[in-house]
Amino acid sequence: MADPAALSPLKLMALLLLWHSALWTVQEAAPLGPASSLPPSFLLKCLEQVRKIQAEGEVLQERLCAAHKLCHPEELVLLGHSLGISQAPLGSCFSQALELVNCLRQLHSGLFLYQGLLQALAGISPEVAPTLDWLQLDIADFATNVWQQMEDMRVAPPGHPTQGPMPTFTSAFQRRAGGVLVASNLQRFLEPVYRVLRYLAQT
């Protein structure tokens, strides 16, 4: 590159303008990181809530396994389909194609779905009833936290999601098997949520 001192004032001005234009183009092209829209306090609280719900979900699975020998959710998948135990989508939350607003909405809708599924399990078994109650409370708190953040960002939907039809259990076995499947689906739902939250907290 030429020595700036050897350039004429006109050429030096042109070079500076070119450099400034290139810098501006780079700044325009670089998108703001998604974490810039979410406060650290919200992310840290969400991470704590996810860990707590995951731990309670594991306890629910362990107690259903110990009390009723229902230890393998993969063996109950067909029953889950027939009972209508659905899984919540999270396509907008994958870190490689993260759509922050849609991710928050999918997260809230998923938590709302699992609230309904856990309510449908009421009366499942005295051995797991306390864990089920704690799970419902903690998922409700997590959903409220996400909703409040969407309101703060002014991206909350006009109304809360509507609960779809819930499974109808016709026997104690179906209810307990449903508990295993709901707990397993909840864990699979929370794993990518935790990864995305941790990614956002570190960026």
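Rules used throughout
- Residues numbered from 1 in each chain as written.
- Predicted model: local features only at pLDDT ≥ 70, side-chain atom pairs only at ≥ 80, totals over all residues.
- Heavy atoms only, no water.
- 1 Å grid on protein atoms, 1.4 Å probe; cavity = no way out; pocket = protein on both sides within 12 Å on 5 of 7 lines; lining within 4 Å.
- Points joined across faces, edges and corners; volume = space filled by probe spheres on them.
- Helix = DSSP H or I, 4+ residues; strand = E, 2+ residues; numbered from the N terminus.
- Nonpolar A, V, L, I, M, F, W, Y, C, P; charged D, E, K, R; others polar.
- Salt bridge = Lys/Arg side-chain N within 4 Å of Asp/Glu carboxyl O.
- Buried < 20%, exposed > 50% of the residue type's maximum accessible area, 1.4 Å probe, protein only.
- Disulfide = S-S within 2.5 Å.
- Phe/Tyr/Trp six-rings, centres within 6.5 Å; stacked < 30°, edge-to-face > 60°.
- Contact = heavy atoms within 4.5 Å.
- Axes fitted to C-alpha atoms, helices over the stretch in contact; angles between N-to-C directions.
- Parallel < 35°, antiparallel > 145°, perpendicular 65-115°, else oblique.
- Left-handed = near helix turned anticlockwise from the far one by under 90°.

Turning our attention to the layout of surface pockets. Of the pockets and cavities examined, the largest pocket occupies roughly 150 Å³. Taken together, Pro73, Glu74, Val77, Gly80, His81, Ile85, Gln87, Leu181, Ser184, Asn185 and Arg188 make up the lining of the largest pocket. Mapped onto the lining of the largest pocket, the elements with two or more residues apiece are α3 (77-83) and α6 (172-202). Tallying contributions element by element places α6 first for the lining of the largest pocket, with four residues. For the lining of the largest pocket, the per-class residue count stands at four nonpolar, five polar and two charged.

Applying the stated criterion across every chain, the model contains one salt bridge. Notably, a salt bridge pairs aspartate 138 with lysine 52, separated by 3.5 Å at the nearest N-O pair. A residue pair is termed long-range when its members are at least 10 positions apart, and aspartate 138 in helix α5 (residues 129-153) and lysine 52 in helix α2 (residues 40-68) qualify at 86 residues. Overall, the relative accessible area of 8% leaves aspartate 138 in the buried class.

To continue, consider the state of the cysteines. By the definition in use, this model includes two disulfides. Between the sulfur atoms of cysteine 65 and its disulfide partner cysteine 71 the distance amounts to 2.0 Å. An S-S torsion of about 85° defines the bridge between cysteine 65 and cysteine 71 as right-handed. Counting only the cysteines that take part in disulfides, in the order they occur along the protein, gives the pairing 1-2, 3-4.

All right, on to empty space enclosed by the protein then. Using the criterion set out here, one finds one cavity of 30 Å³ or more in the structure. Of the pockets and cavities examined, the largest cavity occupies roughly 90 Å³. Looking at the largest cavity, the residues that line it are Leu38, Phe42, Cys93, Leu100, Cys103, Leu104, Leu107, Val193, Val196, Leu197 and Leu200. Listed by contribution, the elements that provide at least two residues to the lining of the largest cavity are α4 (100-120) and α6. Considering only residue class, the lining of the largest cavity consists of eleven nonpolar, no polar and no charged.

The next thing to look at is the packing of aromatic side chains. Scanning all chains against the criterion turns up one aromatic pair. On the numbers, 5.4 Å between centres and 50° between planes, the contact of tyrosine 114 with phenylalanine 189 is tilted. With tyrosine 114 in helix α4 and phenylalanine 189 in helix α6, the pair connects residues that are 75 residues apart, well separated along the chain. In this pair, the class of tyrosine 114 matches that of phenylalanine 189, namely buried.

So, about the environment of alanine 183. The topology assignment puts alanine 183 in helix α6. Accessibility expressed as a relative area gives 1% for alanine 183, which makes it buried. Residues alanine 183 and glycine 57, spaced 126 residues apart in sequence, show a C-alpha to C-alpha distance of 5.5 Å. Setting aside its immediate chain neighbours within four residues, alanine 183 contacts Gly57, Leu60 and Gln61.

Here we come to the packing of α2 against α6. The interhelical angle for the contact between α2 and α6, taken along N-to-C directions, is 155°, at an axis separation of 9 Å. Relative to α6, α2 is oriented roughly antiparallel. α2 and α6 meet at a crossing whose hand is left-handed. A per-class count over the contact of α2 with α6 returns 16 nonpolar, seven polar and five charged.

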